[in-house]
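Structural overview
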Amino acid sequence: MDLKLCLSLALILQLSSSLEPYDLLYDNGVEAFSTGDYAGVVRYMEKALASFSQVRHTKIRCRLKCEDQHPVQDGSIIPDLFFDSVLRRAACLNVCIEGQIGTQSMHKVSEDVIQDFHRRIPYNYLQLAYRKLNQLDKAAAAAHTYFQANPEHVEMDQNLEQYKALEGVKQKHFIDREARPHQAIAKLFRCTDSNYSLCLQRAFSAGAKLYDKGDYEGAAALFEEALTEYYKADVECRVLCEGPHRFQEQNHVLYRYSLYELISDHYTQVLHCKHECVRDLATRPGRLSPMENYLPLHYDYLQFAYFQANKLKEALSCALTYLLFHEEAEFMIENVEHYTAMLGQDGQPRQEAVHYLQRHKQELELLLIGTENLGVPYTEGNYWNSLGGREDAHGYISLFSTYNTRYLLHLWIPSGTDGWMEYVPISEKKNTTLVVVKELREGGPLLYDSVRVVHNSVALNGSQRVVFDDVISEDECSELKHLAHTTTMAGDGYRGKMSPHTPNEKFEGATVLKTLQYGYEGRVPLKSARLFYDISEKARRIIESYFMLNSTLHFSYTHLVCRTAITGQQDHRNDLSHPIHADNCLLDPEANECWKEPPAYTYRDYSALLYLNGDFDGGEFIFTEMDAKTITASVKPRCGRMVGFSSGGENPHGVRAVTRGHRCAVALWFTLDPLYRELERLQADEVIQALENQHLWAHINPKDEL
């Protein structure tokens, strides 16, 4: 056999074993949806999900395998031996991963696509496609899976209720396809309702019935399974941290020249990610706040179950393990004393927990050193500071208190961990406490005679909210709409995504700088681009004056945007054009919190939407309570109407579906921090000044006339 033929066969074998990249499959699925090819949507999205899962598991297997084959030499005083292990492990990883999924699946996938998979967006497409194909059992499963990670999605909640009422759809079809194994408790009791917390209440109630029936060993087996799966999930979480990490505003080629500083910085990010697995495994998908005391609570329930099963040695071991996490828990100290007295001997805590906590402590010490090197202060999360768990009206109870003749199971509700949290690098960590705007005031001068207030905060049932009319004229609306239709591009402002919030609408946008560029090139009237610039400045001045701000309000982002209903996809539609959210924090309806941390734009302080038209169906702007469900006010867009509001968790908002036509607006976000001024706006200021110096604005109203 000649060499050329051998090489050809080798290439064919390599390609046949390669995994199709999940981001390309995902894009194909989205494209199929836009053309109404629902069978194609199912084919591509299911393959994308399978590919994503296989890539993840391959990385886990290969990293664990190579770690075992090439361990770092303990106690070595020769640096080259350490780097020998590092280099060999890296080579092992390349061979292992390429051998299992192929090189074409190893190209860098964008963060946006990765986050779409973590947020389970493909399941939203799948539930719509399966419903169109009348495969309602699969549609119900996809809808339920999506809702577990997106509990604020009101329309999906409604979809689930509709599925339950359909003939042929049964309770067993509402499964979470992405549930992680360490949710053994929830799986055993078939927690498949859209309200997971209520389901877990029933699960623990069923557990109480097991106690009443005397099946304590069965209950203990259940919690042992949950613990086993927890520690497996911990290994997977930690090994997945050993990938690339983002270094915000740090160019390592320019700013770090030392080999050891480079290694220190990257390893600190990896170590921080591993340390945060405690939080990850105690946080449900779509939630931001972990449940308190998650891991220790397993040992609390176990010690009671073993006590009831008359397995005192195991009960003592679990009680001692709980005390590793909470040394001063008096109720557990009493239990340990009683177990010890009954057994006539001391016990030992569980070794897996001993090792776990020793590692946790050692990592914390290293993290403090590493973050100091990075110049970023580090404060450890309150993983186990609260006892959170089994308690009665008197507080935490000993099994053997004089008033406790029977164990009173007052339930703490875990919230599960069947998804992955986005890892936020240390350099991006912010205080998660909701920051309320100081000295909230409103009702200041409107600055322009034509502008009038039609609804204030009282009328809108909230705070720091207002609706103005006649901010711009009909002619100005018409000119800006024409500018939008000429300059906007699909996905502009949404990282290239044509349908960033719903697959049923197309989004197109343009920035001030882009329109000025088009005007300078003669592709649009230069005066129209100047109008966009001037109108946005007018809006900024109105918001700054009305809310009586003591400092300058700066542009954070300015966007001319139109959203269009996609023909043929509006029947029986009940999703939102833009889901309920807040502009500077991550809304967590279940916790009734809004977490001011990345990826939210935490520096934004005020927001405004200036509407250019009202000749479309749907598209109302809505304010809600923190639950993301209770609507407090609704605003119908029209030419010249502007909604203004503070950007925090006090003002959750969204947009109802646009079911016919085009909805166009100037969207504006502002900041009080000059460090976060919009770069393109500053560049646009320079362009305007340069053109004014060239006397090209003689035929246009100057900016100061506004």
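Residues numbered from 1 in each chain as written. Predicted model: local features only at pLDDT ≥ 70, side-chain atom pairs only at ≥ 80, totals over all residues. Heavy atoms only, no water.

With that settled, the discussion passes to the overall build of the chain. On a plain count of helices and strands, the chain comes out with 22 helices and 16 strands. Considering only residue pairs separated by 6 or more positions, the chain has 75% of its internal contacts joining residues 24 or more positions apart. (Helix = DSSP H or I, 4+ residues; strand = E, 2+ residues; numbered from the N terminus. Contact = heavy atoms within 4.5 Å.)

With that out of the way, let us pick up the state of the cysteines. Working definition: the covalent bond between the sulfur atoms of two cysteines is a disulfide. Under the criterion given, the structure shown has seven disulfides. One disulfide in the model links cysteine 237 with cysteine 277; its S-S distance is 2.1 Å. Sign of the S-S torsion, about -90 degrees for the bond between cysteine 237 and cysteine 277, identifies this disulfide as left-handed. Of this pair, cysteine 237 sits in helix 11 (residues 216–240) while cysteine 277 is found in helix 14 (residues 277–281), placing the two residues 40 residues apart along the sequence. Per residue, the accessibility class of cysteine 237 equals that of cysteine 277, and both read buried. Paired by a disulfide, cysteine 562 and cysteine 664 hold their sulfur atoms 2.0 Å apart. Handedness of the cysteine 562-cysteine 664 disulfide follows from its S-S torsion of about 110 degrees: it is right-handed. Of the two residues, cysteine 562 sits in strand 5 (residues 554–565) while cysteine 664 sits in strand 16 (residues 662–671), which places them 102 residues apart along the sequence. Given a relative accessible area of 3%, cysteine 562 falls into the buried group. (Disulfide = S-S within 2.5 Å. Buried < 20%, exposed > 50% of the residue type's maximum accessible area, 1.4 Å probe, protein only.)

Turning our attention to helix 2 (residues 22–34). For helix 2, built from 13 residues, the straight-helix expectation of 18 Å at 1.5 Å per residue is met to within 8% by its first-to-last C-alpha distance of 18 Å. By the burial criterion, the buried members of helix 2 are Tyr22, Asp23, Leu25, Tyr26, Gly29, Ala32 and Phe33. Elements in contact with the buried residues of helix 2: helix 3 (38–69), helix 5 (111–118) and helix 6 (121–132). Positive phi shows up at glycine 36, right after helix 2, with a value of about 80 degrees. (Expected span 1.5 Å × (residues − 1).)

On to the sheet that holds strand 6 (residues 576–581). Pairing within the open sheet is antiparallel, and its four strands lie in the order 6-14-11-12. Edge positions in the sheet fall to strand 6 and strand 12 (631–635), since each of these pairs with one other strand and no more. Sheet twist, expressed as the mean angle between neighbouring strand axes with direction ignored, is 25 degrees. With three bridges joining them, strand 11 (residues 621–624) and strand 14 (residues 653–656) adopt antiparallel strand pairing. Its bridge partner lying in strand 14, phenylalanine 621 is registered against valine 655. (Pairing = 2+ DSSP bridges. Axes fitted to C-alpha atoms, helices over the stretch in contact; angles between N-to-C directions.)

Taken as a whole and assessed by the stated rule, the structure comprises 25 salt bridges. The salt bridge partner of glutamate 229 is lysine 232, with a shortest N-O separation of 4.0 Å. Pair noted here: glutamate 229 and lysine 232 are both in helix 11, with a separation of three residues, about one helical turn. For glutamate 229, a relative accessible area of 18% puts it in the buried group. Linking arginine 540 and glutamate 537 is a salt bridge whose minimum nitrogen-to-oxygen distance equals 2.9 Å. Pair noted here: arginine 540 and glutamate 537 are both in helix 21 (residues 526–546), with a separation of three residues, about one helical turn. (Salt bridge = Lys/Arg side-chain N within 4 Å of Asp/Glu carboxyl O.)

With that settled, the discussion passes to unusual backbone geometry. Phi angles above zero are rare outside glycine, and asparagine 461 is one such case at about 60 degrees. On the secondary structure map, asparagine 461 appears in the loop between strand 1 (452–455) and strand 2 (465–469). Positive phi, close to 55 degrees, is recorded for methionine 548, a residue that is not glycine.

Before going further, it helps to spend a moment on the side chain of arginine 63. Positionally, arginine 63 belongs in helix 3. For the buried arginine 63, which has no salt bridge, the nearest side chain bearing the opposite charge is glutamate 242, at an N-O separation of 5.1 Å. Ignoring any residue separated from it by four or fewer positions in sequence, one finds arginine 63 in contact with Leu93, Val239, Leu240, Glu242 and Gly243. (Lys, Arg positive; Asp, Glu negative; His and termini not counted.)

On to the environment of isoleucine 688. With respect to the helices and strands, isoleucine 688 occurs in helix 22 (residues 679–693). C-alpha of isoleucine 688 to C-alpha of arginine 530: the two residues are 158 residues apart in sequence and 8.1 Å apart in space.

Okay, the environment of glutamine 570 next. Among the structural elements, glutamine 570 can be located in the loop between strand 5 and strand 6. When its relative accessible area of 15% is taken as the criterion, glutamine 570 is described as buried. When the C-alpha atoms of glutamine 570 and asparagine 504 are compared, they prove to be 7.0 Å apart, with 66 residues separating the residues in sequence. Each residue touching glutamine 570, except ones within four places of it in the same chain, is listed here: Asn504, Ala565, Val658 and Thr659.

Note that all results are geometric; they support no functional claim without further evidence.
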